[in-house]
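Coordinates in review
Listed below are the residues making up each chain.
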Amino acid sequence: MSGSIISVRNASVRLNDHTVLEDISFDLERPSILMVVGPNGSGKTTLLKLLLGILKPFKGTVEVLGLNPFEDGKKLRRLVGYVPQKDKISYETPLKVGEVVLMGTLLKKAFPRSISKEDIEAARKALAYMGMENLWRSFFNELSGGQQRRTLIARALASDPALLLLDEVFASLDFESQGNLLSLLRIFKENRKTVVIVEHELDPIIDLADKILVLNRKVCAYGDPWDVLSEERLKPVYPCLRSLEKEGRRILILGDKHA
Ligand SMILES: Nc1ncnc2c1ncn2[C@@H]1O[C@H](COP(=O)(O)OP(=O)(O)O)[C@@H](O)[C@H]1O
Ligand SMILES: [Mg+2]
């Protein structure tokens, strides 16, 4: 065991005969906030799936929270909150918003599983953070894509995971929910938890990030934000990169094709 929170060593992933991640190596040594950026199709979602044990590397090793995601996937997923990128999700059984959030909590428990008053309180609080407190009894399948997404974020937060994986959630949130989520992530960080945030915009998460990984099938850069976010290191990944100085802050506009 590496003693790191996340340790990826020379991992490569192939999908349909295409190598979508090649020779990925990085270590997140302490509980922290890792931001993963990269152009569309650069393998960000694939990397999250690799960390969760949903995909297996054909080469290399992956360790998350001291576990091998492929051998201890069940155990690992109890410790992890994951908000996937997919826009619209439909449950076969009509579930209400409150039930969707509580289901996340329930699935993380050992047998015999039951919901406590505290669980319900945590679920309500998480939904309130996402501006969804009035929709507790609404049917999940009838919500808009954005509301579904906020429900799924609340579900991941409510179970108080040791590791939270967020796949491009910020763009789907309104300004107020973005602010609330950022405050929550700050509390997460203070409580020594780890968050992996995949985004293709650096703002507004950049201030929170402890480490940045720039991905484009391979690891283009990895390290402390202001070391990584230099134009020289980003230019090869984002040919349309522009840098602006505004009110004493430097803003990098990544400008990939779909941004
Ligand atoms: N199930 C799949 N089968 C084959 N190729 C896939 C599959 N899922 C993703 N890919 C390909 O893998 C690459 C990386 O995808 P992805 O991880 O979704 O990138 P990102 O999240 O950075 O946009 C893309 O070229 C994509 O087309
Ligand atoms: Mg993706």
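So, here's what we can say about the structure. (Residues numbered from 1 in each chain as written. Chains lettered and ligands numbered in written order. Predicted model: local features only at pLDDT ≥ 70, side-chain atom pairs only at ≥ 80, totals over all residues. Heavy atoms only, no water.)

The tally for this structure, following the rule as stated, stands at 1 aromatic pair. Centroid distance F26 to Y222: 5.4 Å. Interplanar angle 55°. Geometry classified as tilted. Here F26 is found in strand β2 (residues 18–28), whereas its partner Y222 is found in strand β9 (residues 218–223), with 196 residues between them in sequence. Judged by its relative accessible area of 3%, F26 falls in the buried class. A cation over an aromatic ring shows up here: R14 above the ring of F58, its NZ or CZ 3.9 Å from the ring centre. Directly above the aromatic system of F188 lies the positively charged group of K193, at a separation of 5.7 Å from the ring centroid. (Phe/Tyr/Trp six-rings, centres within 6.5 Å; stacked < 30°, edge-to-face > 60°. Helix = DSSP H or I, 4+ residues; strand = E, 2+ residues; numbered from the N terminus. Buried < 20%, exposed > 50% of the residue type's maximum accessible area, 1.4 Å probe, protein only. Lys NZ or Arg CZ within 6 Å of the ring centre and 35° of its normal.)

Looking at the metal site, the magnesium ion (ligand 2) is ligated by T45 (OG1) and Q85 (OE1), spaced 2.0 to 2.1 Å from it. You can see T45 sitting in helix α1 (residues 44–52) and its partner Q85 sitting in the loop between β5 (80–83) and α3 (97–107), a full 40 residues away along the chain. Residue classification places T45 among the partly exposed positions, given a relative accessible area of 22%. Given the relative accessible area of 33%, Q85 is considered partly exposed. (Donors = N, O, S within 2.8 Å, 3.2 Å for Na, K, Ca; no water.)

In contact at an axis separation of 10 Å, α3 and helix α4 (residues 117–129) are set at 120° when each is read in the N-to-C sense. Taken as axis vectors, α3 and α4 run oblique relative to one another. Once α3 is placed against α4, the crossing between them reads as right-handed. Note on element contacts: α4 touches α3 through D119, I120, A123 and L127, opposite V97, V101, L102 and T105. Taken together, the residues of the contact of α3 with α4 break down into 6 nonpolar, 1 polar and 1 charged. (Axes fitted to C-alpha atoms, helices over the stretch in contact; angles between N-to-C directions. Parallel < 35°, antiparallel > 145°, perpendicular 65-115°, else oblique. Left-handed = near helix turned anticlockwise from the far one by under 90°. Contact = heavy atoms within 4.5 Å. Nonpolar A, V, L, I, M, F, W, Y, C, P; charged D, E, K, R; others polar.)

This next bit is on the side chain of D27. Tracing the chain through its elements places D27 in strand β2. Of the residues examined, D27 reaches a relative accessible area of 17% and is grouped as buried. Within the local environment of D27, its side chain forms a polar contact with the side chain of S4, the two groups lying 2.5 Å apart. The contacts of D27, once residues within four sequence positions are left out, are S4, I6, S7, R9 and Y222. (Polar contact = N/O pair within 3.5 Å; in protein donor to acceptor, adjacent residues only side chain to side chain.)

Spatial strand order, β2-β1-β4: 3 strands in an open sheet with antiparallel pairing. Each edge of the open sheet is held by one strand with a lone partner, namely β2 and β4 (59–64). In this sheet, neighbouring strand axes are inclined to one another by 25° on average, regardless of whether the strands run parallel or antiparallel. As judged from the 7 bridges shared by strand β1 (residues 6–15) and β2, these two strands associate in the antiparallel manner. Bridge pairing in β2 places L15 opposite H18. (Pairing = 2+ DSSP bridges.)

Taken together, L15, N16, V20, P39, N40, G41, S42, G43, K44, T45 and T46 form the complete shell of residues around ligand 1. In the environment of ligand 1, an oxygen atom lies 3.0 Å from a nitrogen or oxygen atom belonging to the backbone of G43. T45 places a side-chain nitrogen or oxygen 2.8 Å from an oxygen atom of ligand 1. Here ligand 1, which alone exposes 560 Å², has 60% of that area covered by the protein. Top element by residues in the shell around ligand 1 is α1. It accounts for 3 residues. Partitioned by chemical class, the residues of the shell around ligand 1 number 3 nonpolar, 7 polar and 1 charged. (Near = heavy atom within 4 Å. Areas by Shrake-Rupley, 256 points an atom, 1.4 Å probe, with all protein chains shown as cover.)

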